[in-house]
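Topology and contacts: notes
These are the residues of each chain, in order.
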Amino acid sequence: MTYHLFHADCLEWLAKCPPNSLHACITDPPYGLIEYHPDHLAKRRNGHGGVWRIPPSFDGSNRQPLPRFTVLTENELKKLSDFFGEWATQLIRVLVPGAHVFIASNPLVSHWVWSSLTNKGFEKRGEIIRLVRTFRGGDRPKGAEKEFADVSAMPRSAFEPWGLFRKPFEGTLAENLRSWKTGGLRRPVSETPFTDVIPSGRTPQDEKNIAPHPSLKPQKFLRQLAWAALPLGEGEIVDPFAGSGSTLAAAESLGYDSFGIELDREYFELANVAVPRLAKISTHITFLELSETEIEIA
Ligand SMILES: C[S@@+](CC[C@H](N)C(=O)[O-])C[C@H]1O[C@@H](n2cnc3c(N)ncnc32)[C@H](O)[C@@H]1O
């Protein structure tokens, strides 16, 4: 077994980790922090209230509850920023120089999270755009849908931003690759660099059946990140907000070692069952597909 799951608070777990010991972080944290708080999770599990909103049905089908980041108060945004500042302080210590961090977010709150990471010493290296129609936004003004039939309150979201950060290192990239095995991104195929827009569908139903977590990310997408995260294909990946373990499954499918930390007992138990099953899923990843797409665009 090359993955290790821990039922713990990631801040406490990271604080106990030796410095300069992990080679990449790929994670999908609670974007607004409060949506995975036990109070809000209990409300979601009971089917009402809290930050989780049941969206109106669309084309006759009912949609899953979505967290509403527009309701975050100034105080909650400040807490979000402080939490990610503390998280970044712990994470930067345990990562080796040149290690990359891929962190999922949402366009409404990403600037709070990005600045918390750069304030604690990470360099921002870009953003990865996961092209996915989330069904978030796009609704007509509530209570006046007919009166303002041609108006949307906000854009219908069609992408998910993933911040890309790196722990600074001294010397050249080539020297860092030799000493720490990090600093760059692994190419999908030798002729094509890793590219920051990744076409991605919504998570397939067979994966959701294995891992019914509200924020499950698709294997096909995560495997592309995991591949890129270890430039020489060596090292260990950490996911401090592991949920149902989809990052660990992606790492496992590529033969990489990984660590996942999950606070919620129900999700931790789910991850123990789901990781080996998700890892076996065949996603038909075709790295060649990426180079073909690029040729098409050019
Ligand atoms: C957005 S979900 C990640 C889901 C994951 N991408 C998947 O595919 O299953 C964030 C997870 O972080 C967990 N979490 C929240 N705070 C945490 C903390 N302090 N330490 C560890 N896990 C935490 C939540 O319980 C939740 O399962």
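In terms of helices and strands, the protein carries ten helices and ten strands. The long-range share in the protein, meaning contacts at least 24 apart out of those at least 6 apart in sequence, stands at 76%. When the accessible surface of the protein is totalled, it reaches about 14600 Å², and 54% of it is carbon and sulfur.

With that out of the way, let us pick up helix α4 (residues 110-119). Those residues of α4 lying buried are Ser-110, Val-113, Trp-114, Ser-116 and Leu-117. The arc that holds the buried residues of α4, viewed along the axis, is 160 degrees, so those residues lie on one side. In the core, the buried residues of α4 are packed alongside α3 (74-94), β5 (95-104), β6 (123-131) and β7 (159-166). Trailing α4 by a residue or two, Gly-121 shows a phi angle of about 110 degrees, which is positive.

This part covers the pairing of β5. Of all ten residues that make up β5, ten are buried, and the element is covered over most of its length. Where strand β2 (residues 22-27) and β5 come together, five bridges link them in parallel fashion. Looking at the pairing, Cys-25 lines up with Val-101 of β5. For β5 and β7, the ladder comprises five bridges, and the chain directions are antiparallel. In the strand pairing of β7, His-100 is matched with Arg-166.

Moving on to the site of the ligand. Within the structure, the ligand sits among 22 residues, and Cys-10, Asp-28, Ser-244, Ser-246 and Glu-262 are positioned closest to it. A distance of 2.9 Å is found between an oxygen atom of the ligand and a side-chain nitrogen or oxygen belonging to His-213. Within the backbone of Ser-215, an N or O atom sits 3.5 Å from a nitrogen atom of the ligand. For the ligand, the accessible surface in isolation is 610 Å², of which the surrounding protein chains cover 96%.

Okay, the nonpolar core next. If you look at the biggest cluster of nonpolar residues, it comprises 55 residues, and the most contacted ones within it are Trp-87, Leu-91, Val-101 and Phe-102. Broken down by element, the residue count for this core peaks at nine residues, all from α3. Discounting chain neighbours no more than four positions away, the residues touching Phe-102 are Cys-25, Ile-26, Thr-27, Ile-128, Trp-162, Gly-163, Leu-164, Leu-185, Phe-194, Leu-225, Ala-228 and Ala-229. Counting 15 residues, the second-largest nonpolar core is a separate cluster that includes Leu-5, Phe-268, Ala-274 and Ala-279.

A few words on the packing of aromatic side chains. Tallied over the entire structure, the rule returns eleven aromatic pairs. Here the aromatic rings of Phe-6 and Phe-259 are separated by 6.4 Å at their centres, their planes lie at 20 degrees, and the arrangement is stacked. Note that Phe-6 is positioned in strand β1 (residues 3-7) and Phe-259 in strand β10 (residues 257-262), a separation of 253 residues in sequence. Plain terms: the ring middles of Phe-83 and Phe-84 are 5.3 Å apart, the flat faces sit at 90 degrees to each other, and that makes the pair edge-to-face. Grouping residues by exposure puts Phe-83 and Phe-84 together as buried. Through a chain of ring-to-ring contacts, three or more aromatic side chains come together here, namely Phe-83, Phe-84, Trp-87 and Phe-241. Lying over the aromatic face of Phe-221, Arg-130 brings its terminal NZ or CZ to 5.5 Å of the ring centre. Here the guanidinium or amino end of Arg-186 rests over the ring plane of Trp-227, the centre of that ring lying 3.8 Å away.

In space, the eight strands of this open sheet follow the order β1-β10-β9-β2-β5-β7-β6-β8, with mixed pairing throughout. Looking at the sheet topology across the chains shown, the edges are occupied by β1 and β8 (197-199). This sheet shows a mean twist of 20 degrees between the axes of neighbouring strands, independent of strand direction. Bridging between strand β9 (residues 236-239) and β10 involves four bridges; their strand directions are parallel. Paired with Glu-236 across the two strands is Asp-257, which belongs to β10. α4 rests against β5, β6 and β7 of the sheet, and its axis sits at about 5 degrees to β7.

When pLDDT is averaged across the protein, the result is 89; 87% of the residues are at 70 or more. Segment residues 290-298: pLDDT under 50, and seven contacts once partners within four positions in sequence are set aside and those in other chains are kept.

All right, on to a nonpolar patch on the surface then. Together, Leu-131, Phe-159 and Val-197 give the surface a local cluster of nonpolar side chains, amounting to about 220 Å² of exposed area. With respect to the element layout, Phe-159 can be found in strand β7. Overall, the relative accessible area of 32% leaves Phe-159 in the partly exposed class.

Rules and cut-offs
- Residues numbered from 1 in each chain as written.
- Predicted model: local features only at pLDDT ≥ 70, side-chain atom pairs only at ≥ 80, totals over all residues.
- Heavy atoms only, no water.
- Helix = DSSP H or I, 4+ residues; strand = E, 2+ residues; numbered from the N terminus.
- Contact = heavy atoms within 4.5 Å.
- Areas by Shrake-Rupley, 256 points an atom, 1.4 Å probe, with all protein chains shown as cover.
- Buried < 20%, exposed > 50% of the residue type's maximum accessible area, 1.4 Å probe, protein only.
- Arc of directions from axis to C-beta.
- Pairing = 2+ DSSP bridges.
- Near = heavy atom within 4 Å.
- Polar contact = N/O pair within 3.5 Å; in protein donor to acceptor, adjacent residues only side chain to side chain.
- Core = buried A, V, L, I, M, F, W, Y, C linked by side-chain atoms within 4.5 Å.
- Phe/Tyr/Trp six-rings, centres within 6.5 Å; stacked < 30°, edge-to-face > 60°.
- Lys NZ or Arg CZ within 6 Å of the ring centre and 35° of its normal.
- Axes fitted to C-alpha atoms, helices over the stretch in contact; angles between N-to-C directions.
- pLDDT = per-residue confidence, 0-100.
- Patch = residues over 30% accessible without salt bridge, like charges linked within 9 Å, V, L, I, M, F, W, Y side chains within 5 Å.
- Salt bridge = Lys/Arg side-chain N within 4 Å of Asp/Glu carboxyl O.

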